[in-house]
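Overview (structure and organization)
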Amino acid sequence: MSGAGLSPQIWKSLLQEVEKPGRYLGNEVNSVTKDPAQVRLRVALVFPDAYEMGESHVGLKILYDILNRDPEIWAERVYAPWTDMEAALERHRVPLFSLESKRPLKDFDLIGITLPYELVYTNIITILKSGGVPLWQKDRVKGDPVVIGGGSCAFNPEPIAEFFDAVVVGDGEELIHSLARQILAYKESAQTREALLKEMTRSRGVYVPSFFEVDYKEDGSVRKIRPLLEGYAGVAKATVTNLDQAAYPRAPIVPNINVIHDRIGVEVQRGCVRGCRFCQAGYIYRPERQRSPDTVKDIVAKSLASTGQEEVSLLSLSVGDYDCLNPLLNDLFDTYEKDRVSISLPATRTETLTPEVIQQVKRVRKSGFTMAPEAGTPRMRRLINKGNAREDLMRAVDNVFREGWRLIKFYYMCGLPMETEADLMGIAEEALQALAIGRRYTRGAEIHVGCSSFVPKPFTPFQWEPQLSMAEVEAKHAQLRLALRMPGIKFKTHGLTMSYLEGVFSRGDRRLARTLVRAHELGCRFDEWDEKLDFAAWQRAFAETGLDPDFYVTRRRERDEVLPWDHLFVDMKKSFLWEELEASHDLAFIEDCSTGKCSDCGVCDFRKVLNVNYRYLPETEKAQAHSTRGRVLKTEAEQSLAHPPAENQKYQAPPTVQRIRARFTKLGEAAFLSHLDLATLLHRALKRAKIPVGYSQGFNPAMRVSLSPPQPVGVESEAEFMDLELTAFVPPEELLRRVNEVLPAGIALTEARTLTTKVRSLNAAMREQVYAIDVRGDGISGDLPDRVTHLKNSPEVRIERRRAKEQKSVDIRPYIKDIEVVAPNQLHLVTRFGQTSGSIRPSEVLQALFPEGTGGWSASRIRKVDAHFEVE
Ligand code: SF4
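The text that follows walks through the structure, step by step, so that each part is easy to find. (Residues numbered from 1 in each chain as written. Predicted model: local features only at pLDDT ≥ 70, side-chain atom pairs only at ≥ 80, totals over all residues. Heavy atoms only, no water.)

What to know about the side chain of glutamate 374
Let me state the cut-off plainly: For the purposes of this entry, the term helix denotes a DSSP run of H or I that reaches at least four residues, the term strand denotes a run of E that reaches at least two, and both are numbered from the N terminus. Only protein chains enter the calculation, and the probe is 1.4 Å; a residue is then buried if its accessible area is under 20% of its type maximum, exposed if over 50%, and partly exposed in between. The contact definition used throughout considers only heavy atoms, calling two residues in contact when any of these lie within 4.5 Å.
Take glutamate 374: it is sitting in strand 14 (residues 369–374). For glutamate 374, a relative accessible area of 8% puts it in the buried group. Once residues lying within four places of it in the same chain are set aside, the contact partners of glutamate 374 are Phe278, Ile384, Lys386, Tyr411, Tyr412, Met413 and Leu416.

Quick word on the environment of leucine 325
Take leucine 325: it is sitting in helix 10 (residues 325–336). Judged by its relative accessible area of 4%, leucine 325 falls in the buried class. Once the C-alpha coordinates of leucine 325 and leucine 587 are considered, the two residues, 262 residues apart in sequence, prove to be 30 Å apart. Those residues in contact with leucine 325 that sit more than four places away from it in its chain are Leu314, Val319, Gly320, Leu345 and Val357.

What to know about the site of the ligand
So the rule is basically this: Think of it this way: one heavy atom of a residue within 4 Å of a molecule or strand is enough to make that residue near it. Each residue gets one label: Ala, Val, Leu, Ile, Met, Phe, Trp, Tyr, Cys and Pro are nonpolar, Asp, Glu, Lys and Arg are charged, and the others, such as Gly, are polar.
In the neighbourhood of the ligand, the contacting residues comprise Arg286, Cys593, Cys598, Ser599, Asp600, Cys601, Val603, Cys604, Phe606 and Asn611. Class assignment of the residues belonging to the shell around the ligand gives a composition of 6 nonpolar, 2 polar and 2 charged.

A look at the packing of aromatic side chains
Condition: Aromatic rings from Phe, Tyr and Trp, with only the six-membered ring used for Trp, were paired whenever their centres fell within 6.5 Å, and each pair was classed as stacked if the ring planes differed by under 30 degrees, edge-to-face if by over 60, and tilted otherwise.
Considering all chains together, one arrives at 23 aromatic pairs under this definition. Note on phenylalanine 47 and tyrosine 117: the rings are 6.5 Å apart at their centroids and 70 degrees apart in plane angle, and the pair reads as edge-to-face. Taken together, the residues phenylalanine 47 in strand 1 (residues 41–47) and tyrosine 117 in the loop between strand 3 (110–114) and helix 5 (121–130) connect sequence positions 70 residues apart. Residue tyrosine 117 is classed as partly exposed on the basis of its relative accessible area of 27%. Between phenylalanine 212 and tyrosine 232, the aromatic rings sit 5.2 Å apart at their centres with planes inclined by 50 degrees, giving tilted as the arrangement. Taken together, the positions of phenylalanine 212 in strand 7 (residues 212–216) and tyrosine 232 in the loop between strand 8 (222–227) and strand 9 (264–267) put the pair 20 residues apart, joining distant regions of the chain. Relative accessible area serves as the criterion here: at 3%, phenylalanine 212 is assigned to the buried category.

Some remarks on helix 5
Here helix 5 lies mainly inside the structure; 9 of its 10 residues are buried. Looking only at helix 5, the buried set comprises Tyr121, Thr122, Asn123, Ile124, Ile125, Thr126, Ile127, Leu128 and Ser130.

Remarks on the environment of glutamate 844
Within the secondary structure, glutamate 844 is located in helix 26 (residues 842–849). Accessibility expressed as a relative area gives 5% for glutamate 844, which makes it buried. Setting aside residues no more than four positions away along its own chain, glutamate 844 makes contact with Ile799, Arg801, Arg803 and Ile812.

Points about helix 17 (residues 512–521)
Judged by how many residues are buried, helix 17 sits mostly within the fold: 7 of 10 residues are covered. Listing the buried residues of helix 17 in full gives Leu512, Ala513, Thr515, Leu516, Val517, Ala519 and His520. Contacts made by the buried residues of helix 17 are with helix 5, helix 16 (496–506), helix 18 (535–544) and helix 19 (549–553). Positive backbone phi, approximately 105 degrees, marks glycine 523, located one or two places after helix 17.

Listed below in structure tokens is the structure:
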């Protein structure tokens, strides 16, 4: 087993001591390893949350791809260690390491930390501390890594600013390589850290917090943000002006374990200029820039081939505004329907949810529909500039139910500025009206309503507005819960305390860094995870650092107040945001500037920085960009291309022509994959190898592959099996070769044969499992043969079995067919399977051999070496 930079024993112990070892394995398909001798700069790209939350983050994948194109740079990944891993690292005195080379974080030259949401701030402290990196920027010296942040929280990074050497405000992909090269030059010269940071300020979008000092008034608000470097009074954000030409990975990493967005994400558009007044992303990512449909199709084709994944998600803040959406969907479904690839769209504006789009999306799989009306009445939707009429919403609901969906998820906020009782209860009215529409089509119609509390964000018109207190939000949630208590409706709220803490840090200032450090000392970690958030510890941290969280959350700011983020994103005019706040009071509606008139927010220079949209032209002409102040409205020609799929486009599964049984290994680190993760990994490998495996019929077609019964996590195996149903003949030896070419280390097909007679499933036909066990542990004293003889002679062998929360006494003797000591401390074990109900784990036999405790066998290596099936 290889932990690269770690000793094999420590690596194995770490994996055995944590709940989800798959989070730390690395070695995924398309992850990059390089020869360290050829590399001059080592970069750690950090996502400060658990692997399954961060793996699918598109921004990190883009940077990973760009940096690794340079042969002299090796970018690796680091995710926040879950609390069990943090404790294990501490126990073994091992610093946090990267996924690829298992190198300690402190040994990297550049650490790039994604700042996706505020509630990961304590995880950043964990990562730097357990990685052996000085937390405070002022404490780092030449030889320490340069720590750079970036992401949506970079627009107000003040609570964590003093942990960073620099923060990239805006799009990072055109900056990252030149910053890395600057850091390489600094590393290989006598240049001082300060000189490096000064040089970095010359790049648009780079914020160096140590070149600013903040003075506070007696009332706690900011008096002045003082620049300390001449000519560096504020930061303009970095903007990718030609998204179509910007780098985008075509071979994204394929996760080994189940992650939150386990699909290929293709960003079709960046920025949204609808002007929703609550939405920070709508302001900080302006202007609206689209990728051409040709580029999108190229990314989709190459990513599917390189990953074997079966789902593509078209990403954008408002995907319905992507001008070529319908013809693009048509092309993608026409191309990939036969491969059972589904295309999903994120939450879509209701007026863009046309019947054509709905029909396209359901062609392969019926992914759920999520709609985000945000507010409960047209009045409030106008106030926040969302503007959807209730009729539009209900028309979309009708379309979705008519097309066969049974469930629609609605997403709302409560606590928006100037919210009335009628606005709040409008949420319940809309949910009930939608349910009534659904029931016209199916008695089982369901509406799920998610309601969070509004958190005002920097660089939005509501940045001056107070956030509701937790008590006020709780009362509103209670009212809605009561109004929505009925069959067919589920009501769910977002954590009150989470929204409150998010409110503190999203509009926070530098003084909060001390509170973060204290909260971390008090055990706060993974604050966006319900089961981890410890609000009492947070309250103590605020009290002990002398800060009142309400000062940041529930206070209204005056127009002339200096806001902690005023020196950042200086293109966005503060006066424009204030006028928008006033406009909201008058329910004045502002137009989408890609189709209507420019409202002069300050972001575009109208030379390079401006809205860029594509329109789809018929036949041979390519889609064309329209770099104008206004989006070109849809023409007759493109409407005609956006035809709905015909009825005869319904997929017919081809018949099975060949059944193959293959044997495969699961060795080394692969033994730490769960059964489900192993199945997904094999499915994707079969796809990459272009093996024509059939699919079941129905709304959620499944690949016709079945695996032998699962082995416990950590048990290696040379004798796993899978049965495949193919729709075209493939010689077994060719299947072996093609699949082995794309499998990761530790997993390999060793045999394959065509099944000629009808055989029972692997699960039903398996009779025995054979294990080789190398018994290792502190308690080994040479008496293993006596223990084995005693066990064999016992008519009954009881162990205590703990599964989930249950513990019971089980006699495992009937399941042990044979057990022998074949060499010193080497056991040969044959267990029965499927002959009586239930089965046993090999570790339970060790448990029985060493009733005094696990010390005798905890370091044992268990390997399944064979399996016997009933005679075919
Ligand atoms: S400057 Fe005008 S066109 Fe550009 S994003 Fe702002 S409002 Fe839209």
